[in-house]
Structure formats: C-alpha cells, structure tokens
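Here's the letter readout for the chains.
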Amino acid sequence: MDRVLKRLGVTEKIISEGFQNQILRKGCEKLGLDVAIVPRNSTEKHYCGSCSFGCPTGEKRGTDSTWLVDAVNNNVVILTQCKAEKLILVDNNAHQREESGRRKRCLVVITSLSNRTRKKLQINAKVTIVACGSLKTPGLLVSSGLKNPNISRGLHIQPILMAWGYFPEINSDFQGAAHEGEIVTSL
C-alpha cells in the first residue's frame, strides 16, 4: 500500500482549506466532534474546485495521470470507447496453476466498439486487466462465468450528500466560495 500511496502522491498537507471544509470543521468543533484531515491524492496547494468533473490541472493525480501513463510507458495498449461484454476463460493446466496460482485465465475479451454499433471485437492478449469501475467490473466477471465469492465483496459506495445552509454572519472567518477547494479535506 505504501507504493500505491507514494505513486499517487497522497498527502495530508493543505495550504488552504476550501469553504465547505472550513464550515464542516468549525461545525464539528462547536459540537465537540473530532475532526481529522483526509489524506488525498493531490498537491498541498491544489485548490481548483473541479475535482468532481476531472482535474483541469492534473494535480489530482488520478488514474489518467498515473496508472494509465505507467501502463502506456510499458507498452500496454489501451482501447477506449469499447464495452467489454464477456471474457472467454479457459482452465489453466497444472503447471500454469502452480506458476500463477490461478485456476483460469482469460483467453479472449469480446467487446462492442460503441453503443451505436453491433460490430464485435475479439481481443487476444497475454494479460487482461478488467477495469470497468467498481459497479460494472463484478457484473462482467460473474456474467463471464467466474464464481469466486469475493467478487464485489467489500464494495463500498461513497454516498454523496448535498447540504444547503444559511450563514447570516456578515464578518465571517470563512474564506473562499462554496465551489472552491478540494472535495473533502476534513472528516
């Protein structure tokens, strides 16, 4: 995990806390609740307010600026605008099982080129990485015939809650606008 955190540049340092996090921190402190800094994968000075929509500066060190770049730099081919529909799995022989620790391996991925076409693409590769997101990956694995009880086990969905408030204070200590800053820096 340390390698992952280092590659993503995870930090707890913040130069300037966003408006919504200032309010959250002050409210928790007034209620006597503990407030902690949330470690996040961006620089300590990051303050764009666009994290939910894709970071325009690249400071948020997401998959697009870390893992995918690493993959391409190591000769991986990434196909976009495709929808994986099924993995064709085959049983490993005894030697392959011993080597990989796996009973099955992916031989082929069947995919559609887009939602607008019926053309299918068959992809043969030595290694297949399924990255359909936390909600779609389990469905693809199960519909392809995998029966591992750990598929989707531990899946946690981050609920998003919108809250509105009225702040009648004219001379507030809060700095910035509601849309500015990191998504969450306080918890």
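The structure we're discussing is the one just above.
Now for a description of the structure that goes with this document.

### Observations concerning the overall build of the chain
Along its length, the chain carries five helices and three strands. Mapped from its N terminus to its C terminus, the chain presents α and β elements in the order α-α-α-β-α-β-β-α. Per-residue burial over the chain gives 20% buried out of 187 residues. Long-range contacts, defined here as pairs at least 24 residues apart, represent 59% of the contacts in the chain between residues at least 6 apart.

### Notes on the pairing of strand β3 (residues 120-124)
For β3, the buried fraction is low: zero of the five residues fall into the buried class. In this sheet, β3 lies alongside strand β2 (residues 104-112) in antiparallel orientation, the contact comprising five bridges. Paired with Thr111 across the two strands is Leu121, which belongs to β3.

### Description of the nonpolar core
In this structure, Leu87, Cys106, Val109, Leu140, Leu141 and Ile151 together form the largest nonpolar core, which totals six residues. Those elements that place two or more of their residues in this core are β2 and α5 (133-143). Dropping the residues within four chain positions of it, Val109 is found in contact with Ala84, Lys86, Leu87, Leu121, Gln122, Ile123 and Thr128.

### Let's talk about unusual backbone geometry
Of note in this structure, Asn75 is not a glycine but carries a positive phi near 70 degrees. Structurally, the position occupied by Asn75 is in the loop between α3 (67-73) and β1 (83-91). A relative accessible area of 72% places Asn75 in the exposed class. A positive phi angle, near 60 degrees, is found at Gln81, a position not held by glycine. With respect to the helices, strands and loops of the structure, Gln81 is situated in the loop between α3 and β1. Under the relative-accessibility criterion, Gln81 is labelled exposed at 64%.

### So, the sheet that holds β3
One open sheet holds the three strands; their spatial order is β1-β2-β3, and the pairing between them is antiparallel. Two strands lie at the open edges of the sheet, namely β1 and β3, each paired on one side alone. Going from strand to strand, the sheet's axes swing by 25 degrees on average, the running direction of each strand aside. Here β1 runs beside β2; their pairing, made up of eight bridges, is antiparallel. Residue pairing across strands places Leu87 opposite Val109, the latter belonging to β2.

Conventions we followed
- Residues numbered from 1 in each chain as written.
- Predicted model: local features only at pLDDT ≥ 70, side-chain atom pairs only at ≥ 80, totals over all residues.
- Heavy atoms only, no water.
- Helix = DSSP H or I, 4+ residues; strand = E, 2+ residues; numbered from the N terminus.
- Buried < 20%, exposed > 50% of the residue type's maximum accessible area, 1.4 Å probe, protein only.
- Contact = heavy atoms within 4.5 Å.
- Pairing = 2+ DSSP bridges.
- Core = buried A, V, L, I, M, F, W, Y, C linked by side-chain atoms within 4.5 Å.
- Axes fitted to C-alpha atoms, helices over the stretch in contact; angles between N-to-C directions.

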